[in-house]
Amino acid sequence: MQKDVVIQELKKRGCRITKQRRMLLEVILENECSCCKEIYYNASRLDPGIGSATVYRMVNLLEEIGAISRRNMYKIVRNPDCKDESVCTIELDDNTVQKLSRDNFNNVVLAGLKACGYIDNQEIERMFVNSCDFKH
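Positions within a chain are numbered from 1, following the residues in the order the chain's sequence is written. Where totals are concerned, whole chains, interfaces and linings use all residues; where local detail is concerned, this predicted model gives features only for residues with pLDDT of at least 70, and gives and counts side-chain atom pairs only at 80 or more. In computing side-chain values, all of the structure's heavy atoms are included and hydrogens and water are not.

## With respect to the pattern of salt bridges
Condition: The term salt bridge refers to a side-chain nitrogen of Lys or Arg lying within 4 Å of a carboxyl oxygen of Asp or Glu. Here a helix means four or more residues in a row that DSSP labels H or I, a strand means two or more in a row labelled E, and each is numbered from the N terminus. Three exposure classes are used, based on accessible area relative to the maximum for each residue type with a 1.4 Å probe and protein chains only: buried under 20%, partly exposed in between, and exposed over 50%.
The tally for this structure, following the rule as stated, stands at 4 salt bridges. A salt bridge links glutamate 9 to lysine 12, with the nearest nitrogen and oxygen atoms 3.6 Å apart. Here glutamate 9 pairs with lysine 12, and both are found in helix α1 (residues 3-12), just 3 residues apart, close to one helical turn. The exposure class assigned to lysine 12 is exposed, which follows from its relative accessible area of 67%. Taken together, the shared-partner salt bridges in this structure form one network comprising Glu9, Lys12, Arg13 and Glu64.

## Description of the side chain of aspartate 47
Applied cut-off: Charged-residue counts in this description rest on Lys and Arg as positive and Asp and Glu as negative, His and the chain ends being excluded. Any pair of residues with heavy atoms lying within 4.5 Å of one another is described as a contacting pair.
Along the chain, aspartate 47 falls in the loop between α3 (36-46) and α4 (52-64). The side chain of aspartate 47 is buried and forms no salt bridge, while lysine 19, the nearest opposite charge, is found at 5.6 Å. Setting aside residues no more than four positions away along its own chain, aspartate 47 makes contact with Gln20 and Met23.

## Regarding the packing of α3 against α4
Formally: An axis is simply a line fitted to the C-alpha atoms; with a helix, the fit covers only the stretch in contact. Between two such axes, the angle follows the N-to-C directions and lies from 0 to 180 degrees. Roughly parallel refers to an angle under 35 degrees, roughly antiparallel to one over 145, roughly perpendicular to one between 65 and 115, and oblique to any angle outside these ranges. For any pair of crossing helices, the crossing counts as left-handed if the nearer helix is rotated counterclockwise from the farther one by less than a right angle, and right-handed if it is rotated clockwise. Ten residues, namely Ala, Val, Leu, Ile, Met, Phe, Trp, Tyr, Cys and Pro, are considered nonpolar, four, namely Asp, Glu, Lys and Arg, are considered charged, and the remaining ones, Gly among them, are considered polar.
With their axes 9 Å apart at the nearest point, α3 and α4 run at an angle of 120° to one another. Accordingly, the angle class assigned to the pair α3 and α4 is oblique. Both α3 and α4 take part in a crossing whose hand is right-handed. Of the residues in α4, those in contact with Cys36, Lys37, Ile39 and Tyr40 of α3 are Ser52, Val55, Tyr56 and Val59. Here the residues of the contact of α3 with α4 sort into 6 nonpolar, 1 polar and 1 charged.

## A look at the confidence of the model for the protein chain
Detailed reading of the predicted model is not advised wherever pLDDT is low. What counts is decided by this rule: Known as pLDDT, the predictor's per-residue confidence is scaled from 0 to 100.
For the protein chain, per-residue confidence averages 77 on the pLDDT scale, and 77% of positions sit at 70 or higher. Between the elements of the protein chain, mean pLDDT differs from a low of 56, seen in helix α5 (residues 70-73), to a high of 90, seen in α3. Low pLDDT (under 50) marks residues 73-82, which in the prediction has 11 contacts with non-local residues, meaning those over four places away or in another chain. Within the model, the stretch residues 131-136 combines pLDDT values under 50 with 0 contacts to residues more than four positions away or in other chains.

## Topic: helix α2 (residues 19-30)
Because each turn of an α-helix spans 3.6 residues, side chains separated by three or four positions end up pointing in the same direction. As a reminder, the rule being used: Take the residue count of a helix, subtract one, and multiply by 1.5 Å to get its expected span.
Given a rise of 1.5 Å per residue, 12 residues ought to cover 16 Å, and the 16 Å separating the end C-alpha atoms of α2 matches this to within 8%. Among the residues making up α2, those that are buried are Met23, Leu24, Leu25, Val27 and Ile28. Contact partners of the buried residues in α2: α1, α3 and α4.

## A few points about unusual backbone geometry
Notably, asparagine 95 is not glycine yet its phi reads approximately 70°, a positive angle. Take asparagine 95: it is sitting in the loop between β1 (86-91) and β2 (97-101). Taking relative accessible area as the criterion, asparagine 95 reaches 71% and is therefore assigned exposed.

See the structure below:
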């Protein structure tokens, strides 16, 4: 959606188009942000007074009107020159390391979803993984 169309849709929903909302919209449209924190970081360079809650509210509003989709915002990008076939590395408490290829990772998740009763015969269409240090 173009900026003007988004602004008109926000107005239809009774939203005031503040300076911060306009700036956030520009940040989102002009940058390939992968998460709300990245949007906040880019926006705070332009307006140090902006709060993270403002960013999250704006992202939610834009999702509600269909201007953005988190499915499209969050991507796992792989360097085509990368020789490492592992998309997932798991470190266990006995210091062993398991590296899984994309297909093996998909199979492990699919088997786990079935074993836990989350799915029956469905197949995984897409999977979004947040990057973080997991501590159990």
